[in-house]
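This is what each chain is made of:
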Amino acid sequence: MSILFLIIPLAFLLAGGAIAAFIYAVRQGQFDDLDTPAHRVVVDDDG
Amino acid sequence: MSADTRTSTPSPQCADVACSHCGLAVPTGLVEHGASEQFCCAGCRTAYAVIHSCGLDRYYALREKLEDREDRAPAQSTRARYAEFDDPAFAELYCRPAEPGAAPGHGLWSCELFLQCVHCAACVWLVERLPRVCDGVVESRLDLRRGMVRVVWDAERVNLSRIARALDSLGYPPHPARDANDRDLRRREDRRQLVRVGVAGACAGNVMLLGLALYAGLFDVMESAYAALFRWASMGISVVSLAWPGSVFFRSAWAALRTRTMHLDVPIALALGAGGVWGVVNTLRGAGEIYFDSLSVLVFLLLVGRFIQHRQQRRSADSVEMLFSLTPTSALLVDEDPDGGPGYTREVSIQSLCAGQMVEVRAGASVPVDGVVVAGLSQVDQSLLTGESRAVTVETGDRVAAGTVNLASTIRVRVEATGAQTRIGRLMALVQDSLGRRAPIVRLADRIAGWFLAGMLGLAALTLGLWLALDPANPSLAVDHAVALLVVTCPCALGLATPLALTVSIGRAARRGILIKGGGVLQALASPGTMVLDKTGTLTVGRMRVVRTRLDRETRAAVCAIELHSTHPIARAIVEAFASADADEAADVAHTLGGGMEGTVRGRRLVIGSPTFIASRIGGLSDSDARAVADLTSAALTPVLVAEDGRIIGSIGLGDPLRQDSSGAVADLRSRGWNPVLLSGDHETVVAAAATDLGLPRASARGGATPEDKVGAVRDLSSSGATVVMVGDGVNDAAALAAATVGIAVHGGAEASLAAADVYLARPGLSPVLELCEGARRTMRTIRICLAASLCYNVAAASLCVAGLISPLIAAVVMPASSLTVLALCVRSGAFRSGRSS
């Protein structure tokens, strides 16, 4: 069970990475418009 | 929303031929026999030509698949030149470099524009193919919900006005969206909020997992080393959650304490702070209870509630701003010819005009500046500014004000004042002033917060004292129980209830054409007070209509045929009232401005016009005719006489009649305890007549009110602290809308009133006002039920805590349970549901 002492900090690192990725995506404007991409994917041909 | 901006579809129609662009029926007169393409209007013809020549015909196939047939509308090209879009001042405000090193006229630039009439996925496709329509455009991205496009272009190859003309020719007239700085600020704020919610969610989820392990350890044996690891790990995550996303609560509580006001964030911050600090102490000393899982879930849920509310309000505000941006921003400047010739006109932005210059105002356009008429004779509609529905004749030497609409023919105006110096500019300053002075609506939750805080602190002190007395040897146990009480009674459900209930209502209201800018509005409207109603445009249609007629059927058709030749509001009202299928043709039609018209129909020579004009044409009115005119005038109607062969054969009375539903709505308001008051800039007689029709006592109707009078009246009414709701449409109402507790701008209102109001009604008439009041009442009822439920929960939880019976596990189950109850209650609320509200 002492593996927990390694796994929990590792899990923290992973979670930290995910949060960093999320913040990066928000700053890139990925969440600014959540409606139009759904339409765009229907009509995109040469995009 | 886009329904407002569409003009009426052409009539009469032929159902067999569909327009090649918009798919609507083509009017019989425009059908070209033998042509493979048919168009219902010039706008559609242009749009089709552009789309076809750029090889974008796929648009029509997409549209066939994706568009709702109800949404079909002809292309709304305005054919404006958009010259003002190239103005350096415009670029300063709305455009931004899209790459480092871009300078004016060089490099890549970007701009966000509101587009009218975008409505389906095919529009997205077409707008995003803009680089193929307009050379030099690098990228074009459309946000369909907001109707906003971001274009990036190469400044060396194309300028913004050409891009704007290209969009216009496709049938999407563009409008500058908003000050670019302001927009960047808002976007940053939106993103910050999203990051906070995301981080709080991640923290809450992880702490809950660790908490689960700890709770499992309660029933089984867990080695103390692992328990300590889990406690330290929860502490680490929770400190992040409290210090980063949770810091908003501490900051807001601190701000409230500093200004000595009460805010719901104060008890929330107290719970978070006490729980957090004591949790850290207990983790460090390795004994006692920790509530980290409950605290991080609390932060997450509260932030989610606030995020949803913020988004909904932003959505309503965006819709209103879309309307706001439709204001014309250009004027026709006359370059004077030194030799006294007519000179040339060119389009410039209104901001660049200065006193002494001359502008041309065409019929149907609004006057861009305050000034003096130097050439031309016309009539202007000042209703936006004064609330008076009758048009005023202006000739050389008369003053015209910005914001008024030129009705009859082209005039030239010498500029005296522009922008903030105009009468309308000063009114807008008054609006800003009133908005700044307005006392904020105290939210119910904040009012409760003070009592809540006192209760929490009192009970915590009681618990502490009780347990110190019971077990003096163990002071940390007493602190444990006191902190548990603070955490468990934290007004989480209370904090969620208000934003959620308001958000659900604002969202549903928006779908019913009622755009609410802020949550406080619903609370203010829930209990009745004084409702000040503007007359023109609010209770009435805001347009001239034929109210009384004394003419035989044949003459009506003849009058209609003559009046067809004019665009004057009176003529249009007459045509609307008298139009019949077998229209006659009028010949030799002559206009006399400010007087009337004459023409020959089927051999009859008719003269139609004002009593003075007719009197001058036939040499005086007989006594009975003068009496008829006096009758009409005393009924607050504008008289129009019809003469043939030197004698009067009939009369028409025009007025701006009350809407059909107005009296019913006013009666309904009174039965609900509101006190309706009529306040109008129109003539006393007209206002008094309207009050009688509405069944209002003479004392609660006032006419001849200037915009300044209206503000004064609203301030007087609200000085006693009572709720004053102002309902109006014009610029003349704007300052009063801002001064009232709640300002409601009605359908078709002026931009200024939209800026000042808290609510915009996208449907005409007073019935949305009734719906709004009813919805507000139901919303507040939902909130009260939620508050009662969460208070019951808090009382129960607090008694457990005082008795020392609570544990982190019970808290972790009970706290979210109370929040979920509130959530369910809000979603089930009947506010603004179709069929349930009147």
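For the structure, check the block above.
Residues numbered from 1 in each chain as written. Chains lettered and ligands numbered in written order. Predicted model: local features only at pLDDT ≥ 70, side-chain atom pairs only at ≥ 80, totals over all residues. Heavy atoms only, no water.

A word on the overall build of chain A. A tally of helices and strands in chain A yields two helices and zero strands. Projected onto its principal axes, the C-alpha coordinates of chain A cover approximately 55 × 20 × 15 Å. The proportion of buried residues among the 47 residues of chain A is 21%. Surface exposure of chain A reaches about 3,300 Å², of which carbon and sulfur atoms provide 69%. (Helix = DSSP H or I, 4+ residues; strand = E, 2+ residues; numbered from the N terminus. Buried < 20%, exposed > 50% of the residue type's maximum accessible area, 1.4 Å probe, protein only. Areas by Shrake-Rupley, 256 points an atom, 1.4 Å probe, with all protein chains shown as cover.)

Residues and elements named next belong to chain B. As for its placement among the helices and strands, Pro 267 is situated in helix α11 (residues 265-285). A residue is classified by how much of its surface remains accessible, and Pro 267, at 0% relative accessible area, is buried. Through-space distance from the C-alpha of Pro 267 to that of Arg 231 is 26 Å; in sequence the pair is 36 residues apart. Each residue touching Pro 267, except ones within four places of it in the same chain, is listed here: Ala 449, Phe 452, Leu 453, Met 456 and Pro 491. (Contact = heavy atoms within 4.5 Å.)

In this section: the packing of helix α26 (residues 707-718) of chain B against helix α27 (residues 731-739) of chain B. Residue and element names in this part refer to chain B. One way to put it is that α26 packs onto α27 with a least axis distance of 8 Å and a crossing angle of 20°. Here α26 is positioned roughly parallel relative to α27, judged by the angle of their axes. Our pair here, α26 against α27, has a crossing hand that is right-handed. Here α26 contributes Pro 707, Lys 710, Val 711, Val 714 and Arg 715 to the contact with α27, which in turn contributes Asn 732, Asp 733, Ala 735, Ala 736 and Ala 739. Its residues assigned to classes, the contact of α26 with α27 shows six nonpolar, one polar and three charged. (Axes fitted to C-alpha atoms, helices over the stretch in contact; angles between N-to-C directions. Parallel < 35°, antiparallel > 145°, perpendicular 65-115°, else oblique. Left-handed = near helix turned anticlockwise from the far one by under 90°. Nonpolar A, V, L, I, M, F, W, Y, C, P; charged D, E, K, R; others polar.)

Before going further, it helps to spend a moment on the interface of chain A and chain B. Between chain A and chain B, the contact holds 28 residues from the first and 32 residues from the second. Of the roughly 2,400 Å² buried where chain A meets chain B, counting both sides, 65% is carbon and sulfur surface. The largest per-residue losses of area from chain A upon contact with chain B belong to Asp 32, Arg 40 and Val 43 of chain A, which jointly make up 22% of the total buried on that side. One can count four salt bridges joining chain A with chain B. A salt bridge links Asp 32 of chain A to Arg 191 of chain B, with the nearest nitrogen and oxygen atoms 2.5 Å apart. At the surface where chain A touches chain B, the tally comes to 10 residue pairs in polar contact (both at pLDDT 80 or more). Mapped onto the side of chain A that touches chain B, the elements with two or more residues apiece are α1 (4-27) and α2 (36-43) of chain A. (Buried area = accessible area lost by both parts, 1.4 Å probe. Salt bridge = Lys/Arg side-chain N within 4 Å of Asp/Glu carboxyl O. Polar contact = N/O pair within 3.5 Å; in protein donor to acceptor, adjacent residues only side chain to side chain.)

So, on to the layout of surface pockets. One water molecule sets the probe size; rolling that probe over the atoms shows where empty space is left. By volume, the second largest pocket amounts to about 1,100 Å³. As for the second largest pocket, its lining consists of 39 residues, of which Asp 32 and Asp 33 of chain A together with Glu 112, Arg 146 and Arg 187 of chain B are closest to the centre. Those elements that place two or more of their residues in the lining of the second largest pocket are α2 of chain A together with β3 (95-97), β4 (108-115), β5 (137-143), β6 (148-154), α8 (180-219) and α12 (292-324) of chain B. Looking at the lining of the second largest pocket element by element, the count peaks at seven residues for α8 of chain B. The residue inventory of the lining of the second largest pocket, partitioned by class, reads 11 nonpolar, five polar and 23 charged. (1 Å grid on protein atoms, 1.4 Å probe; cavity = no way out; pocket = protein on both sides within 12 Å on 5 of 7 lines; lining within 4 Å. Points joined across faces, edges and corners; volume = space filled by probe spheres on them.)

So, on to the sheet that holds strand β24 (residues 647-655) of chain B. Residue and element names in this part refer to chain B. Spatially, the six strands line up as an open sheet ordered β19-β24-β23-β22-β21-β20, and their pairing is antiparallel. On the outer flanks of this sheet lie β19 (545-550) and β20 (587-592), each paired with one strand and no other. Taking the axes of each pair of neighbouring strands and ignoring which way they run, one obtains an average angle of 20° across the sheet. One ladder, built from six bridges, connects strand β21 (residues 596-601) with strand β22 (residues 604-609); its direction is antiparallel. Its bridge partner lying in β22, Met 597 is registered against Ile 608. Along the sheet, helix α20 (residues 553-563) makes contact with β19, β20, β21, β22, β23 (638-644) and β24, crossing β22 at roughly 70°. Helix α22 (residues 611-618) contacts β20, β21, β22, β23 and β24 of the sheet and is inclined by roughly 140° relative to β22. (Pairing = 2+ DSSP bridges.)

Moving on, we come to the pairing of β4 of chain B. Residues and elements named next belong to chain B. Burial runs high along β4: seven of the eight residues are buried. Inspection of the sheet shows β3 paired to β4 by three bridges, in the antiparallel sense. Note that in β4 the partner of Cys 95 across the bridge is Cys 111. Where β4 and strand β7 (residues 174-176) come together, three bridges link them in antiparallel fashion.

Residue position: Ala 202 of chain B is located in helix α8. A sequence separation of 39 residues divides Ala 202 of chain B from Ser 241 of chain B, and the C-alpha atoms of the two residues are 8.9 Å apart.

Residues and elements named next belong to chain B. The mixed open sheet is built from seven strands, whose spatial order is β17-β29-β28-β27-β18-β25-β26. Since the sheet does not close on itself, it has two edges, and those belong to β17 (514-516) and β26 (701-702), each with one partner. Bridge analysis of strand β18 (residues 530-533) against strand β27 (residues 724-728) gives four bridges, and the strand direction is parallel. For Met 531, the partnering residue across the bridge sits in β27 and is Val 725. Taken strand by strand, helix α29 (residues 767-802) contacts β17, β18, β27, β28 (742-745) and β29 (759-761), and its axis lies near 50° from that of β17.

Residue and element names in this part refer to chain B. Throughout the structure, instances matching the rule amount to two cavities of 30 Å³ or more. Its volume calculated, the largest cavity comes out at about 110 Å³. In terms of lining residues, the largest cavity is bounded by 14 residues, among which Ala 73, Pro 74, Cys 117, His 119 and Gly 171 are the most central. For the lining of the largest cavity, the class distribution of residues is eight nonpolar, four polar and two charged.

Let's shift gears to unusual backbone geometry. All names here are of chain B. In this model, Cys 117 sits at a positive phi of 75°, which is unusual for a non-glycine residue. Tracing the backbone through its elements, the reader meets Cys 117 in the loop between β4 and α5 (121-128). Take Cys 117: its relative accessible area is 11%, and that puts it in the buried class. A positive phi angle is found at Asp 645, which is not glycine, with a value near 50°. Its place among the elements puts Asp 645 in the loop between β23 and β24. Under the relative-accessibility criterion, Asp 645 is labelled exposed at 70%.

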